[in-house]
Amino acid sequence: MISMGKIISMIFCVVICVAVIAIPSLMIKKRSSKLETGLLGALCYGFLGYVWQYIFFIFFATFVMGTLKNTGVFLQILMTLASTALTILSLFWGIYLTNQKQRSLYRSAAIGIGFSCGKMAIELIYSNLYRVYFAFQINGGTFQADPEIKASILSTSTTTIYLDTYRCVLMFFVVFALALIMGHLYLKEDVKKMSILAGILYEVVTLVNLLLGSVIPGIAGTIVQLVFLTAVGAAAAMILWNWFRTGKVVLNPLEIMRKEK
């Protein structure tokens, strides 16, 4: 039997994901609707960007893991580098396309929302919806799918569901802010700085998160990872909120804090 608490946590995860995507999208739409159109197209470019980089990453990871064996941390670092490269490339692809006819920081930022929408849709929304569907079948005695699916649902704890959702929400703010920064530098025609800065920022976040989990085992490692991601997510959210409130993109969160004092 699947507890009702676990089923509710799955549904709650989906609701949170939808809200996190919808609220900033509507805020940007309300702010930009009097100035321009094309926000929906930008969101779609971001979504498609996530999909194609996700497919490329799967092919790359399959090839590398089939070629390089027993490489441990080296393989994990290589995967983070590949993920960073594909993420930055897909964001740049979306920002480039959405600025072809009319240059817009709003649409550039929306690329990050669309990208995160794809990530949440594949990693959280879809997985939790099918878990809810199968959970009701398991409880009703009508489950006839693969036994491994049932075992996976039974073994997944409510805590894990909430933590995965929390991590994904934090990364939403990171990618959203990253797209904003990239769009800001792209509109200033500083593509080289945009690519280097975005690549370094994203790789540092993913690599430090990986190393913290590898060096510090167990619950302690999970707590340290969450603290680190929370700090990064808060910094990203600060950059986003300052931009939305003032219309200016400030890359240093500490500078924003000093101005608030």
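This text follows the structure it describes.
Keep in mind it's a predicted model, so treat the numbers as computed, not measured.

**A look at the overall build of the chain**
Here is step 1 of the chain: If you tally the helices and strands in the chain, you get nine helices and zero strands.
Here is step 2 of the chain: The helix and strand sequence of the chain, counted from the amino end, reads α-α-α-α-α-α-α-α-α.
Here is step 3 of the chain: Compactness check: the chain gives a C-alpha radius of gyration of 20 Å against a globular reference of 18 Å for 261 residues, within 12% of the reference.
Here is step 4 of the chain: Projecting the C-alpha coordinates of the chain onto the three principal axes gives extents of approximately 60 × 45 × 40 Å.
Here is step 5 of the chain: A buried classification covers 42% of the 261 residues belonging to the chain.
Here is step 6 of the chain: Counted over contacts in the chain with a minimum sequence separation of 6, partners at least 24 positions apart contribute 76%.
Here is step 7 of the chain: Entry remark: accessible area of the chain is about 14000 Å², with carbon and sulfur atoms responsible for 70%.
Here is step 8 of the chain: Averaging the coordinates of the 21 positive side-chain charges in the chain and doing the same for the 10 negative ones gives two points 7 Å apart.

**Some details on the pattern of salt bridges**
Here is step 1 of the chain: This model, assessed by the stated rule, comprises two salt bridges.
Here is step 2 of the chain: With a closest N to O distance of 3.1 Å, E123 and K119 form a salt bridge. Of this pair, E123 and K119 are both found in helix α4 (residues 105-140), four residues apart, which corresponds to roughly one turn of the helix.
Here is step 3 of the chain: The partner of D164 in a salt bridge is R167, and the shortest N-O contact between them spans 3.3 Å. A residue pair is termed a helical-turn pair when its members lie 3 or 4 positions apart in one helix, as D164 and R167 do in helix α6 (residues 158-187) at three residues.
Here is step 4 of the chain: For D164, a relative accessible area of 34% puts it in the partly exposed group.

**Quick notes on the packing of α4 against α6**
Here is step 1 of the chain: Contact pair α4 / α6: the axes reach a minimum separation of 6 Å and the direction vectors enclose 160°. In this view, α4 runs roughly antiparallel relative to α6, as classed from their interaxial angle. Crossing of α4 against α6: the hand is right-handed.
Here is step 2 of the chain: Here the contact of α4 with α6 is composed, by residue class, of 17 nonpolar, seven polar and three charged.

**Focus: the packing of aromatic side chains**
Here is step 1 of the chain: Within this structure, the stated rule accounts for 16 aromatic pairs.
Here is step 2 of the chain: With centroids separated by 6.0 Å and ring planes inclined at 70°, the aromatic side chains of F12 and Y162 adopt a geometry described as edge-to-face. With F12 in helix α1 (residues 4-32) and Y162 in helix α6, the pair connects residues that are 150 residues apart, well separated along the chain.
Here is step 3 of the chain: The class for Y162 is partly exposed, based on a relative accessible area of 37%.
Here is step 4 of the chain: Each ring, one from Y130 and one from F134, has its centre 5.9 Å from the other, and the planes form 75°; the classification is edge-to-face. With Y130 and F134 both in helix α4, this residue pair falls four residues apart, about one helical turn.
Here is step 5 of the chain: Members of the aromatic cluster, joined through ring pairs, are Y126, Y130, Y133, F134 and F143.
Here is step 6 of the chain: When the ring centre of F244 is taken as reference, the NZ or CZ atom of R31 above it lies at 4.0 Å.

Calculation rules
- Residues numbered from 1 in each chain as written.
- Predicted model: local features only at pLDDT ≥ 70, side-chain atom pairs only at ≥ 80, totals over all residues.
- Heavy atoms only, no water.
- Helix = DSSP H or I, 4+ residues; strand = E, 2+ residues; numbered from the N terminus.
- Rg over C-alpha atoms; globule rule 2.2 N^0.38 Å.
- Buried < 20%, exposed > 50% of the residue type's maximum accessible area, 1.4 Å probe, protein only.
- Contact = heavy atoms within 4.5 Å.
- Areas by Shrake-Rupley, 256 points an atom, 1.4 Å probe, with all protein chains shown as cover.
- Lys, Arg positive; Asp, Glu negative; His and termini not counted.
- Charge placed at Lys NZ, Arg CZ, Asp CG, Glu CD.
- Salt bridge = Lys/Arg side-chain N within 4 Å of Asp/Glu carboxyl O.
- Axes fitted to C-alpha atoms, helices over the stretch in contact; angles between N-to-C directions.
- Parallel < 35°, antiparallel > 145°, perpendicular 65-115°, else oblique.
- Left-handed = near helix turned anticlockwise from the far one by under 90°.
- Nonpolar A, V, L, I, M, F, W, Y, C, P; charged D, E, K, R; others polar.
- Phe/Tyr/Trp six-rings, centres within 6.5 Å; stacked < 30°, edge-to-face > 60°.
- Lys NZ or Arg CZ within 6 Å of the ring centre and 35° of its normal.

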